Amino acid sequence: MGDYWFAAGLLLAIAGPLLLLAPVAVMYWLLHRMGFAQRFGIAAPGAVRAVHGLLALVLVVAVAMTSWLPGRLEFARLCDELAAPRINTRLKVEGFYLDDSTANSFGMRYLHEEGFAWFEARDIYKREGYVRYRKNGSQIVTEPIPALTATHVVRSGVEVRTKGIRVARTEISERISGKILAEAHSVIYQGGPLGLFFGVYGTSHCPDPATVKGGRQFNGYYHLTREVLGEGSVKR
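Definitions and cut-offs
Residue numbers here run from 1 along each chain, matching the order of that chain's written sequence. Two thresholds apply to this predicted model, a pLDDT of at least 70 for residue-level local features and 80 or more for giving and counting side-chain atom pairs, whereas whole-chain, interface and lining totals are computed over all residues. Hydrogen atoms and water are omitted, and side-chain values are computed over all heavy atoms in the structure. Strands are runs of DSSP state E lasting at least 2 residues, helices are runs of H or I lasting at least 4, and numbering of each runs from the N terminus. Whether a residue is buried, partly exposed or exposed follows from its accessible area with a 1.4 Å probe, protein chains only, as a fraction of its type maximum: under 20%, in between, or over 50%, in that order. Residue contacts are counted whenever heavy atoms from the two residues lie within 4.5 Å of one another. In this scheme, patches are assembled from residues that exceed 30% relative accessible area and form no salt bridge. Like charges are connected within 9 Å, while nonpolar side chains (Val, Leu, Ile, Met, Phe, Trp, Tyr) are connected within 5 Å. With residues, only the protein chains shown are counted as cover, and all accessible areas are computed by Shrake-Rupley using a 1.4 Å probe. We count a salt bridge whenever a side-chain nitrogen from Lys or Arg sits within 4 Å of a carboxyl oxygen from Asp or Glu. For every residue, the pLDDT score states the predictor's confidence, bounded by 0 at the bottom and 100 at the top. In protein, a polar contact requires one atom able to donate a hydrogen and another able to accept it; more generally it is a pair of N or O atoms within 3.5 Å, and residues adjacent in sequence count only if both atoms are side-chain atoms. In this description, a nonpolar core means a group of buried Ala, Val, Leu, Ile, Met, Phe, Trp, Tyr and Cys residues linked to one another through side-chain atoms lying within 4.5 Å. Ring geometry is summarised as follows: Phe, Tyr and Trp rings, the Trp one being its six-membered ring, pair when their centres sit within 6.5 Å, and such pairs are stacked at plane angles under 30 degrees, edge-to-face over 60 and tilted between the two. Geometry is summarised by axes, namely lines fitted to C-alpha atoms with helices restricted to the contacting stretch, and by angles between N-to-C directions that run from 0 to 180 degrees. Convention used here: angles under 35 degrees read as roughly parallel, angles over 145 as roughly antiparallel, angles from 65 to 115 as roughly perpendicular, and any remaining angle as oblique. Crossing handedness is read from the near helix: turned anticlockwise from the far helix by less than a right angle, it gives a left-handed crossing, and turned clockwise, a right-handed one. Put simply, a disulfide is two cysteine sulfurs that come within 2.5 Å.

A few words now on the environment of Gly95. Relative to the helices and strands, Gly95 is located in strand β2 (residues 95–99). On the basis of relative accessible area, Gly95 is assigned to the buried category, the value being 3%. Leaving out residues up to four positions away in the same chain, Gly95 has contacts with Phe116 and Trp118.

Written as structure tokens, this is what we have:
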């Protein structure tokens, strides 16, 4: 069932604009019923159909674009403001506290890929408790701990804003003082109120790894922890 819904979602994302044919057909029917073209002296059946069809298409597209454009403009503003990572301090630590709901899954990349020896996180089985994930050779060892020992925090989360915009933020700070060492963002525009009709063609991502500048910014976002707490180990 999961594969079925995934395939259906993928098809809808690709073929979403075809859904606009339904409101176009409704608008065509309304114009035809009103005799809109005939009111302007157009009588030939072929010309009437052409006028109603073109007008229906223009009206539906205009409404769709009106719903899409404000969010896209806000996305562009946020992209200019947030795309570049902001790093105030770099240092070298062996591990940190990962405040992230995906710590026990995607968080493992910090051990497998980013070169850290350990990180601490909430215990998923005992929310008031903590655990330490430690790399032991090729294996990950999970150890309950009575309290946090990490001096630094990597905190990630997603904020849902208006106009169909989601802003993912990664922040690195000192655990005790709260002093922020660095932050980076990823912005996604999902097409606005009528995003379903645009599918993938109405969405936008920032930073965009498909461009040279966006690729550098995306690496800065994705590898921010290694860049800051690994003392700048990412090539710039």
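After that view, the rundown keeps rolling.
A cluster of nonpolar side chains, contributed by Val26, Trp29, Leu30 and Met34, occupies part of the molecular surface with about 390 Å² of accessible area. Topologically, Leu30 is positioned in helix α2 (residues 21–34).

Turning next to the confidence of the model for the protein. Looking at the protein, pLDDT values average 89 and 91% of them are 70 or higher. Predicted confidence in the protein is weakest over helix α1 (residues 2–15), with a mean pLDDT of 54, and strongest over β2, with 97.

What follows deals with helix α6 (residues 212–222). For an α-helix, 3.6 residues make a turn, and residues three or four places apart therefore share a direction. Here α6 has its buried residues at Gly214, Gly215, Gln217, Gly220 and Tyr221. Those residues of α6 hidden inside the fold are in contact with β7 (165–174), β8 (180–189) and α7 (224–229). If you check the start of α6, you find a side-chain oxygen 2.9 Å away from the backbone N of Gly214, and it comes from Thr211.

A word on the nonpolar core. By size, the foremost hydrophobic cluster in this structure holds 22 residues, and its most contacted members are Phe96, Phe119 and Leu229. For this core, the secondary structure elements donating two or more residues are β2, α4 (109–112), β3 (118–123), β4 (126–136), β7, β8 and α7. Dropping the residues within four chain positions of it, Phe96 is found in contact with Tyr110, Phe116, Trp118, Phe119, Glu120, Ala150, His152, Val154, Thr225 and Leu229. Of all hydrophobic cores here, the second largest spans 18 residues; its members include Val60, Ala64, Leu78 and Leu82.

Turning next to the packing of aromatic side chains. Aromatic ring pairs are defined here through the distance separating the ring centres and the angle between the ring planes. Inspection of every chain in the model, using the stated rule, returns 10 aromatic pairs. Ring geometry for Phe96 versus Tyr110: centroids 5.3 Å apart, planes at 85 degrees, classification edge-to-face. Remark: Tyr110 occurs in helix α4 and Phe96 occurs in strand β2; sequence separation between them is 14 residues. The exposure class assigned to Phe96 is buried, which follows from its relative accessible area of 0%.

A pair of packed helices can be characterised by two numbers: the angle between their axes and the separation between those axes. Taken N-terminus to C-terminus, the directions of α2 and helix α3 (residues 45–82) make an angle of 130 degrees; their axes are 8 Å apart at the nearest point. By the criterion of interaxial angle, the relationship of α2 to α3 is oblique. Like other packed secondary-structure pairs, α2 and α3 cross with a definite hand, here right-handed. Between α2 and α3, the residues in contact are Pro23, Val24, Met27, Tyr28, Leu31 and His32 and Val48, Arg49, His52, Gly53, Leu55, Ala56, Leu57, Leu59 and Val60, respectively.

Summarising the element assignment, His205 is placed in strand β9 (residues 204–206). For the pair His205 and Arg72, spaced 133 residues apart in sequence, the C-alpha separation works out to 11 Å. Among all residues touching His205, those that are not within four sequence positions of it are Phe75, Val187 and Ile188.

This brings us to the state of the cysteines. A full pass over the atoms with the stated rule returns 1 disulfide. Across a sulfur-sulfur distance of 1.9 Å, Cys79 and Cys206 are joined as a disulfide pair. Here the disulfide of Cys79 and Cys206 is right-handed, its torsion about the S-S bond being about 70 degrees. Here Cys79 is found in helix α3, whereas its partner Cys206 is found in strand β9, with 127 residues between them in sequence. Note on Cys79: relative accessible area 19%, which makes it buried.

The next subject is the pattern of salt bridges. Under the counting rule described, the total for this entry stands at 13 salt bridges. Ionic pairing is found between Glu120 and Arg132, a salt bridge with its closest N-O pair at 3.0 Å. Of the two residues, Glu120 sits in strand β3 while Arg132 sits in strand β4, which places them 12 residues apart along the sequence. One exposure class covers both Glu120 and Arg132, and it is buried. Of the charged contacts, one joins Glu143 and Arg134 as a salt bridge, the two residues approaching to 2.6 Å between their closest N and O atoms. Given the relative accessible area of 27%, Glu143 is considered partly exposed. With a relative accessible area of 28%, Arg134 lands in the partly exposed category.

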